[in-house]
Amino acid sequence: MTTIESGTPSWPVLRRLACPNCGATVSQVTAQAQTLTCGSCHATLSEGPDGVDIDPGAQLPTPRIPIQLGQTLPLDGYPQVVLGRVRYQGWDPADPSDQWAWDEWLVGRPDGRLSWLTHDENGLSLSAKVRQWGPFDVYRGPVIPLGDGRQVPVVERYPARVLGVDGELTSRVRRGDELLLVEGRLGDTRCDVEATANELDCSCGRLLDDDEIEAAFGAEAAERLTPPRPLSLLIAGVVLGSVVIALIMAGASALYGRGRVILAEESAAVTVTTPWTAELDLNHPGRPVQIEFTLLDYLPKNTYSDLDVSIISPDGTDTLISTPDFWHETGIDEGEHWDEEQHVVRSTFVPAQQGRHTLLLELDPEGALPAASVRLQVRDAHLWTTPWLIFAGVAGVIGVIALIRGARSARWLPEDED
Amino acid sequence: MRQVSCTSCGGALQIENQFIRVVVCPYCATNYLVSGGDTLAPGRTGASLVDAPSRLQIGARGALRGRGLTVLGRARYRYDGGFWDEWQVGWDDGAPPDWLEEDEGYWTLYRRERLRGPVPPPDTVQVGSTVQANTHPVFVTEKRRGHLEGTEGQFASTLPLRGEFVYIQGGAAGRTVCLTYWQDEIELSVGDDLDHTDLVLS
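What you see is a predicted model; the values in this text were computed from it and never measured. Each chain has its residues counted from 1, following the order in which its sequence is written. Ligands are numbered from 1 and chains lettered from A, in the order in which they are written. Whole-chain, interface and lining totals are the exception, using all residues; otherwise, since this is a predicted model, local features are given only for residues with pLDDT of at least 70 and side-chain atom pairs are given and counted only at 80 or more. Working from all heavy atoms in the structure, the side-chain values ignore hydrogens and water.

It is worth spelling out the interface of chain B and chain A at this point. Size of an interface, as often reported, equals the accessible area lost when the parts are brought together. Any pair of residues with heavy atoms lying within 4.5 Å of one another is described as a contacting pair. Contacts between the two partners involve 37 residues from chain B, matched on the other side by 32 residues from chain A. Taken over both partners, the interface formed by chain B and chain A buries close to 2,900 Å², and the fraction arising from carbon and sulfur atoms is 47%. When a carboxyl oxygen of Asp or Glu lies within 4 Å of a side-chain nitrogen of Lys or Arg, that pair is called a salt bridge. One can count two salt bridges joining chain B with chain A. Any pair of N or O atoms that falls within 3.5 Å is considered a polar contact. Within protein, one atom must be able to donate a hydrogen and the other to accept it, and sequence-neighbouring residues count only if both atoms are side-chain atoms. Here chain B is connected to chain A by eleven residue pairs in polar contact (both at pLDDT 80 or more). Residue contributions to the side of chain B that touches chain A peak at seven residues, all from strand β12 (residues 136–155) of chain B. Think of it as three bins: nonpolar holds Ala, Val, Leu, Ile, Met, Phe, Trp, Tyr, Cys and Pro, charged holds Asp, Glu, Lys and Arg, and polar takes everything else, Gly as well. Residues of the side of chain B that touches chain A, tallied by class, amount to eleven nonpolar, 13 polar and 13 charged. Buried area: the sum, over both parts, of the accessible surface (1.4 Å probe) that disappears when the two are put together. Secondary structure is summarised from DSSP: a helix means a run of H or I of at least four residues, a strand means a run of E of at least two, and numbering begins at the N terminus for each.

Turning our attention to the sheet that holds strand β23 (residues 344–349) of chain A. All names here are of chain A. In this description, strands pair whenever DSSP reports at least two bridges between them. Across the sheet, four strands lie side by side as β16-β25-β18-β23; this open sheet has antiparallel pairing. Edge positions in the open sheet fall to β16 (260–271) and β23, since each of these has one partner strand only. Pairwise comparison of adjacent strand axes, ignoring direction, gives a mean angle of 20° for this sheet. Two strands pair when backbone bridges link them, and β16 and strand β25 (residues 371–380) are joined in this way by nine bridges, in the antiparallel orientation. Residue pairing across strands places Ala 269 opposite Ser 373, the latter belonging to β25. Only C-alpha atoms enter the line fits that serve as axes; for helices the fit covers just the stretch in contact. Angles between N-to-C directions range over 0 to 180 degrees.

Once that is clear, we can look at the pairing of strand β14 (residues 189–195) of chain A. Residues and elements named next belong to chain A. The buried fraction of β14 is high, at six of seven residues. Looking at chain direction, strand β13 (residues 178–186) and β14 are connected through seven bridges and run antiparallel. The residue of β14 that forms the bridge with Leu 181 is Glu 194. If you look at the hairpin formed by β13 and β14, you'll find two residues sitting between the two strands, and Gly 187 has a positive phi there, around 65°. Note: β14 against strand β15 (residues 200–207), seven bridges, orientation antiparallel. Within β15, the position partnered with Asp 192 by the bridge is Ser 203. Connecting the antiparallel pair β14 and β15 is a turn made up of four residues. Partly exposed describes any residue whose relative accessible area lies between the buried limit of under 20% and the exposed limit of over 50%, with all areas from a 1.4 Å probe on protein chains only and scaled to the type maximum.

What follows concerns empty space enclosed by the protein. Only protein atoms enter the calculation, which uses a 1 Å grid: trapped sets of points that fit a 1.4 Å probe without letting it out are cavities, open sets showing protein on both sides within 12 Å along at least five of seven lines are pockets, and any residue with an atom within 4 Å of a point is a lining residue. Grid points are joined across faces, edges and corners, and a volume is the space filled by probe spheres set on the points. Per the counting criterion, the structure on display carries five cavities of 30 Å³ or more. In this structure, the largest cavity encloses a volume near 150 Å³. Lining of the largest cavity is provided by 14 residues; of these, Glu 86, Arg 112, Cys 178, Thr 180 and Ser 189 of chain B occupy positions nearest its centre. Counting residues per element, the ones that place at least two in the lining of the largest cavity are β8 (82–91), β10 (106–113), β13 (164–172), β14 (175–181) and β15 (186–193) of chain B. Class assignment of the residues belonging to the lining of the largest cavity gives a composition of eight nonpolar, two polar and four charged. Taken as a whole, the second largest cavity encloses approximately 80 Å³ of empty space. Along the walls of the second largest cavity sit Trp 11, Thr 30, Ala 31, Gln 32, Gly 112, Leu 114 and Thr 170 of chain A together with Arg 55, Glu 102, Glu 104 and Gly 105 of chain B, which together make up its complete lining. Looking at the lining of the second largest cavity residue by residue, the classes come out as three nonpolar, five polar and three charged.

Turning our attention to the state of the cysteines. Residues and elements named next belong to chain A. Cysteine sulfur atoms are paired as a disulfide whenever they fall within 2.5 Å. One pass over the full model with this rule turns up one disulfide over all chains. The disulfide that involves Cys 191 links it to Cys 204, with 1.9 Å between the sulfurs. Linking Cys 191 and Cys 204, the disulfide has an S-S dihedral of approximately 105° and is accordingly described as right-handed. Here Cys 204 lies in strand β15 and Cys 191 lies in strand β14, a separation of 13 residues in the sequence.

We now examine the environment of Leu 181 of chain A. Residue and element names in this part refer to chain A. Following the sequence through the fold, Leu 181 ends up in strand β13. What makes Leu 181 buried here is its relative accessible area of 3%. Ignoring sequence-local partners within four residues, the contact set of Leu 181 consists of Trp 102, Glu 156, Arg 157, Tyr 158, Ala 160, Asp 192, Val 193 and Glu 194.

Here is the key point about a regular strand: its side chains alternate between the two faces of the sheet. All names here are of chain A. Burial runs high along strand β19 (residues 303–312): seven of the ten residues are buried. Relative to strand β21 (residues 325–333), β19 is paired through four bridges, and the arrangement is antiparallel. Its bridge partner being in β21, Ser 305 is matched across the sheet by Phe 326. Note: β19 against strand β24 (residues 355–363), six bridges, orientation antiparallel. Within the sheet, the bridge partner assigned to Ile 312 lies in β24 and is Thr 358. The sheet contact formed by β19 and strand β20 (residues 318–322) spans four bridges and is antiparallel.

This is the structure:
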């Protein structure tokens, strides 16, 4: 990695000075440098009205974002050298205890153009000074008017101060300098106005996307610097909210949704020749009706017997609604005898009409039993539990994915550096 | 081009064109007012800028939007927030020299404009306000007090080596306008922003 001390092919060292504070060599690579910091004692040397001012300075906290002075980064289609860094602290004027910090790096292109790389809670953005803008009232103006006709809405105003500087800057910046910041946003475009009593500076730029951050800093940085995605968080919120609702509905269905018993037959004599019938008054069309069949007779080993269950609607339509399967199987598995049977089966259907229906039960002639006794219980207005659980499971997975994509819980925030 | 000698140190001085009014000896920093005769009228001695690094240099040649130029002089101004440089450039086509200024790598070409009407006194102007200068409604983005720190090369106008001035600068309909209040003169400069590809140095 290249350092400021050795310069780069595009930014050679123009001058080497002896730090007035400690005597170490301080290099200058920009012709217009007005602030230099000593890499040895961290003193800040800035151009004042009568020459160079010296501030003892202090070492800035190491940034978690992998940016170092002298590093060359591919940004905006150019190899750009990191020349200097300013760390700011802003605060809420209504609540001065509400404070936050962020970093800005001065980066330079080979042709001498300078830009600012800003790392704040929104991610990484690259901006440059705007020469034509205004008029603008920094205290009340609702939009920042740019020279190209764009109007950037103001989203925030707050006071800030300089916590410290590092490297080389083309303006005089000292620890403790205070300013008023006005932030404007228009899509991915961000415009900031820095106001002091003597000067208004407007800079505009844009948030860097994942690909640009990955190209400059690597995949991990791209993952950890990408700002939260409001849309993903919104989707996650909606989906996870629906999961909660689905789980509540599933629980309510299980507890209270079994419906009303409209027919309970302890022993229906069902044969293969004559249908067993019963009248059902179904008054909730569109709501599931659940029928539970229990075979009361013994089913010989390794046989089965099916029921054909049909319903005749009030308009005479005859519909086969299910074929419950009773079975009895045995065998030997790894020397062990097993014997399993199914003699309770549930079927569900949804009536389309309201009124008196006829339920018909017949035994399948291919089954083992020519006649059988079946206990049945019919409930209408039943609520399904399973679909709610399936919905909750699928939506839960989608919601968690959206939450992870949106939150980026391991993000590098400038506040984390302290 | 005219050859003269510095009366202070004997150094050779070249006066580039007929517009030059001030020439600075590169060896002893003595300022000379250029008159029509063969001799130079010595003025005050200012600070030398030979040790101040820069991207341009006296004598550098190039083209601005295809128009040939030569860098004739540099004036460095200092204010409470630091300094800035202005470069006097002469044109190959014989037009009067103009001023070139660099700010964060972006160039602006300034031309002096005759002030044709009143302008507000500097102490009544605030940053963020709009003032009228000739036909330009200037949105003031900067107001400071400064002084000339040093010069090198040659210039088409006299530059006061002593005393302070107040300047206000801002934008007006896509151009950068600067009003400089000297002790006995008010100057109006109107600048065109240049694209980074506009200026090519050879």
